[in-house]
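Okay, here's what each chain looks like letter by letter:
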Amino acid sequence: MNEIVITDENLFHFNVGKNDNEESSIIYRDNGSFHTILLDRCAKNYHSLHAQSSRCVAERNILDFTITFFTSGIPTKIIFKKKYYTNLRYKKLLSGTREKRFHKLVALINECGFTTFDLS
């Protein structure tokens, strides 16, 4: 299956969507451009794939440190790198060890009222 693959160091911003006119989303950088993962759209895509109502937006696997979102068209996979380098031009969304960064992103997703499916 084709998928968009990015590393966690390219995650730029997480919008919790607390205001009525905001959607919960993740903004990431890929090849110099910014892209958005809309969590509500991922939940709808999960529903259409699995024919069940759910707030699930992604599959996660702690064994290979990946989270794959049900984005429209092509899934978007985030790979959590073992080494995490800082780029002073961009503020990092996540910090700490690979495991802490992984769990922090899952916690942010949960904070928005969405879930992820555990593959590990």
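Quick note: structure is the one above.
Each chain carries its own residue numbering, running from 1 in the direction its sequence is written. Where local features are concerned, this predicted model is filtered to residues with pLDDT of at least 70; where side-chain atom pairs are given and counted, the filter is 80 or more; whole-chain, interface and lining totals use all residues. With hydrogens and water excluded, all non-hydrogen atoms of the structure serve as input to the side-chain values.

A. Spotlight on the overall build of the protein chain. Put simply, DSSP H or I for four residues or longer makes a helix, DSSP E for two residues or longer makes a strand, and each gets a number counted from the N terminus. When its secondary structure is counted, the protein chain shows two helices and eight strands. In the protein chain, the succession of α and β elements from N to C terminus is β-β-β-β-α-β-β-β-α-β. Atoms counted for the radius of gyration: C-alpha only. Globule rule: 2.2 Å times the number of residues to the power 0.38. Taking 2.2 N^0.38 as the reference for a compact globule, 120 residues should give roughly 14 Å; the C-alpha atoms of the protein chain span a radius of gyration of 14 Å, in line with that estimate. Referenced to the eigenvectors of the C-alpha coordinate spread, the extents of the protein chain come out at roughly 40 × 35 × 25 Å. Three labels apply to residues, based on accessible area from a 1.4 Å probe with only protein chains included: buried if under 20% of the type maximum, exposed if over 50%, partly exposed otherwise in between. Burial status across the protein chain gives 40% buried among its 120 residues. Pairs of residues are marked as contacts when any of their non-hydrogen atoms sit within 4.5 Å. The contacts in the protein chain between residues at least 6 apart in sequence include a share of 51% that link residues at least 24 apart. As displayed, the protein chain has an accessible area near 7,200 Å², and 49% of this comes from carbon and sulfur atoms. Averaging the coordinates of the 17 positive side-chain charges in the protein chain and doing the same for the 13 negative ones gives two points 7 Å apart. Residue exposure ignores everything except the shown protein chains as possible cover, and the areas themselves are Shrake-Rupley values with a 1.4 Å probe. Positive: Lys, Arg. Negative: Asp, Glu. His and the chain ends are not part of the count. To locate a charge, take atom NZ for lysine, CZ for arginine, CG for aspartate or CD for glutamate.

B. Representation of unusual backbone geometry in the model. Of note in this structure, Asn31 is not a glycine but carries a positive phi near 55°. By the secondary structure assignment, Asn31 is in the loop between β3 (25–30) and β4 (33–38). Residue Asn31 is classed as exposed on the basis of its relative accessible area of 77%. Despite not being glycine, Phe65 shows a phi value in the positive range, around 50°. With respect to the element layout, Phe65 can be found in the loop between β5 (56–61) and β6 (66–69). Given a relative accessible area of 14%, Phe65 falls into the buried group.

C. Just the environment of Ile67, in detail. Within the secondary structure, Ile67 sits in strand β6. Sequence separation of Ile67 and Ser33 is 34 residues, and the distance between their C-alpha atoms is 21 Å. Apart from residues lying up to four places away in sequence, Ile67 is in contact with Ala58, Glu59, Arg60, Thr76, Lys77, Ile78, Phe80, Phe102, Leu105 and Val106.

D. Looking closely at the nonpolar core. Note on terminology: a nonpolar core comprises buried Ala, Val, Leu, Ile, Met, Phe, Trp, Tyr and Cys residues joined through side-chain atoms within 4.5 Å. Counting residues in hydrophobic clusters, the biggest one holds 28 residues, and the most contacted among them are Phe14, Val57, Phe69 and Leu105. The leading source of residues in this core is helix α2 (residues 98–111), at five residues.

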